[in-house]
Amino acid sequence: MPRYDFRCRACGATFEVNRPMTEAGAPAACPDGHDDTVKLLSTVAVTGRGGAAPVRSGGGGCCGGACGCG
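Residues numbered from 1 in each chain as written. Predicted model: local features only at pLDDT ≥ 70, side-chain atom pairs only at ≥ 80, totals over all residues. Heavy atoms only, no water.

This next bit is on the pattern of salt bridges. Considering all chains together, one arrives at two salt bridges under this definition. Of the charged contacts in the structure, one is a salt bridge between Arg-3 and Glu-16, with a shortest N-O distance of 3.3 Å. Residue Arg-3 is located in strand β1 (residues 3-8), and its partner Glu-16 is located in strand β2 (residues 14-18); the two are separated by 13 residues in the primary sequence. The same class applies to Arg-3 as to Glu-16, namely exposed. Asp-36 is the salt-bridge partner of Arg-9, the closest N and O atoms lying 3.5 Å from each other. With a gap of 27 residues between them, Arg-9 in the loop between β1 and β2 and Asp-36 in the loop between β2 and β3 (37-39) connect regions that are remote in the sequence. Its relative accessible area of 39% is what places Asp-36 among the partly exposed residues. (Salt bridge = Lys/Arg side-chain N within 4 Å of Asp/Glu carboxyl O. Helix = DSSP H or I, 4+ residues; strand = E, 2+ residues; numbered from the N terminus. Buried < 20%, exposed > 50% of the residue type's maximum accessible area, 1.4 Å probe, protein only.)

See the structure below:
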């Protein structure tokens, strides 16, 4: 289930809410009970090779050896 980050405008608290994507735009009260909150833009970091093609390092030349010049 997706996690959404919110910030309370009244007290400044930042908190997370787990909810279905169908409820992504619904308001959320902060843990202290304030209703004046705003949904934050979240970032996702994806790392790892995950089957990516290996990177070739060449030996010089005009393009690092990738064109066979080196």
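A separate point is the environment of Asp-5. In this structure, Asp-5 sits in strand β1. Looking at Asp-5, the relative accessible area reads 21%, which means it is partly exposed. Excluding residues that lie within four positions of it along the chain, Asp-5 makes contacts with Phe-15, Glu-16, Val-38, Lys-39, Leu-40 and Ser-42. (Contact = heavy atoms within 4.5 Å.)

Turning our attention to the sheet that holds β3. The sheet built from three strands is open, its strands ordered β2-β1-β3 with antiparallel pairing. The open sheet has two edge strands with one neighbour each: β2 and β3. Pairwise comparison of adjacent strand axes, ignoring direction, gives a mean angle of 35° for this sheet. Where β1 and β2 come together, five bridges link them in antiparallel fashion. Paired with Asp-5 across the strands is Glu-16, a residue of β2. (Pairing = 2+ DSSP bridges. Axes fitted to C-alpha atoms, helices over the stretch in contact; angles between N-to-C directions.)

What follows is about the environment of Tyr-4. Its location among the elements puts Tyr-4 in strand β1. Taking relative accessible area as the criterion, Tyr-4 reaches 12% and is therefore assigned buried. Measuring from C-alpha to C-alpha, the distance between Tyr-4 and Lys-39 comes to 7.2 Å, with 35 residues separating the pair along the chain. Residues in contact with Tyr-4, not counting those within four places in the same chain, are Phe-15, Glu-16, Val-17, Arg-19, Pro-20, Met-21, Ala-24 and Lys-39.

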